[in-house]
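Observations on the model geometry
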Amino acid sequence: MFSNRSFAWKLGAALGMAALLGVHSERRGQSTSPDLGRCLAEPDRWEGTPLRLRGARVTESDASGFEIDVHGSRTRVVPAARVATGDAILLAGTFRAQGPFVQLVEFRKLEEHGEPGRLSVIASILVLSGVLLNLLRHFAFRPGVIQVKGVEGGDPAGTEA
Amino acid sequence: MAALLVHFATAFASGQALRDGRLRAVLYLGVCLPEILDQGLLFFGGASPWVCLPVHSPLGLLPWCYAAALLFEEDWRARAFGALLAGSWLHLLVEAGGHSMGEGAMAWAFPFTMDRIGFALYRPQDAGTMVLAAGVVIAVIELGAWFRGRSRRR
């Protein structure tokens, strides 16, 4: 299973399997919980569908509700909530064909909790850089053979982090 | 979504049980792998959130970990696969503890079901506290190792 025999086939099969799982997830996910664009295109079909909208941006807000833009698809959300124009939110709601609009169940402002706040992104990049540098301390990458080899005289005793 | 530092701290703490520093290095990579794949597919690949779902599921991570393990030298692949998978699953365990607006954070049995589970043990508001706690855990472990090394040298 881990030998060099049929290396390219094994690597191709693993990546192919990963891609197939992605396609399968997309198909099943869109059939049960489609994106906002599909709901707006066929409102009657998706009446009552629970939605979870990631990366919605508030474009307008008033006393009765607010409007959001999700990757170019715009809709109204009711009832009103504590949001302001320009807020990025994660929203859970139910799609309603009569309007159409989204009935708000729960929402969360993304920047409010630093998600994905600039500081959080910078910290994550630093952590990832540290992890990769630590890996390079123990392994040498040789793209020519698409293999990574343990560094001779490395740290098999594991005294280093 | 917990910060990457929190995920790293869980791997750093559990990795202390491993004697081989190289294996620990792969475990650390494993704990970051679901996030690298998720963000990579989402922002650089332009994929929809549904396409990204398998990289936050135990079975969906299998082919990715296997493919990554194949990039190691032959003798190391089985160990690398184990460490990558253990790290990745540790990541999922921490994510499953999060509050994700009633939907659940982890597709636990994908591709057989799209159902997700979540334990709602912490909320996004707790992110700052968790990062602080992660920093303390790492510092305590490092200090412990430093004191042990110092007493050994005496």
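Residues numbered from 1 in each chain as written. Chains lettered and ligands numbered in written order. Predicted model: local features only at pLDDT ≥ 70, side-chain atom pairs only at ≥ 80, totals over all residues.

**Describing the overall build of chain B**
The helix and strand inventory of chain B stands at six helices and zero strands. The linear arrangement of helices and strands in chain B, starting from the amino end, is α-α-α-α-α-α. Counting only C-alpha atoms and orienting by the principal axes, one finds that chain B spans roughly 55 × 45 × 25 Å. The burial tally for chain B puts 44% of its 154 residues in the buried class. (Helix = DSSP H or I, 4+ residues; strand = E, 2+ residues; numbered from the N terminus. Buried ≥ 20, exposed ≤ 12 C-beta atoms within 10 Å, placed from the backbone.)

**Here we look at the pairing of strand E1 (residues 50-61) of chain A**
All names here are of chain A. Pairing of E1 with strand E4 (residues 88-96) involves six bridges; the strand directions are antiparallel. Its bridge partner lying in E4, Arg 57 is registered against Ala 88. Looking at chain direction, E1 and strand E2 (residues 66-70) are connected through four bridges and run antiparallel. Note that in E2 the partner of Arg 57 across the bridge is Asp 69. In textbook terms, the turn of a hairpin is the stretch between consecutive antiparallel strands, and for E1 and E2 this stretch comprises four residues. (Pairing = 2+ DSSP bridges.)

**Examining the sheet that holds strand E5 (residues 101-109) of chain A**
In sheet architecture, strand pairing relies on hydrogen bonds along the backbone and comes in two forms, parallel and antiparallel. If you walk around this closed barrel you meet the five strands as E1-E2-E3-E5-E4 (chain A), and the pairing is mixed. Each neighbouring strand pair of the sheet contributes to a mean axis angle of 55 degrees, computed without reference to strand direction. (Axes fitted to C-alpha atoms, helices over the stretch in contact; angles between N-to-C directions.)

**Some remarks on the domain arrangement of chain A**
The figure often quoted for interface size is the accessible area lost as the parts come together. By the assigned domains, chain A splits into domain 1 (1-32), domain 2 (36-111) and domain 3 (118-150). Measuring from the centre of the C-alpha atoms in domain 2 of chain A to the corresponding centre in domain 3 of chain A gives 39 Å. (Domains from an automatic or database assignment.)

**Side note on the pairing of E5 of chain A**
Residues and elements named next belong to chain A. Inspection of the sheet shows strand E3 (residues 73-78) paired to E5 by three bridges, in the parallel sense. By the bridge assignment, Arg 76 is partnered in E5 with Phe 101. The pairing of E4 with E5 spans eight bridges and is classified as antiparallel. Its bridge partner lying in E5, Leu 91 is registered against Phe 107. Linking E4 back to E5 in an antiparallel pair, the connection comprises four residues, with Gly 99 at a positive phi of about 150 degrees.

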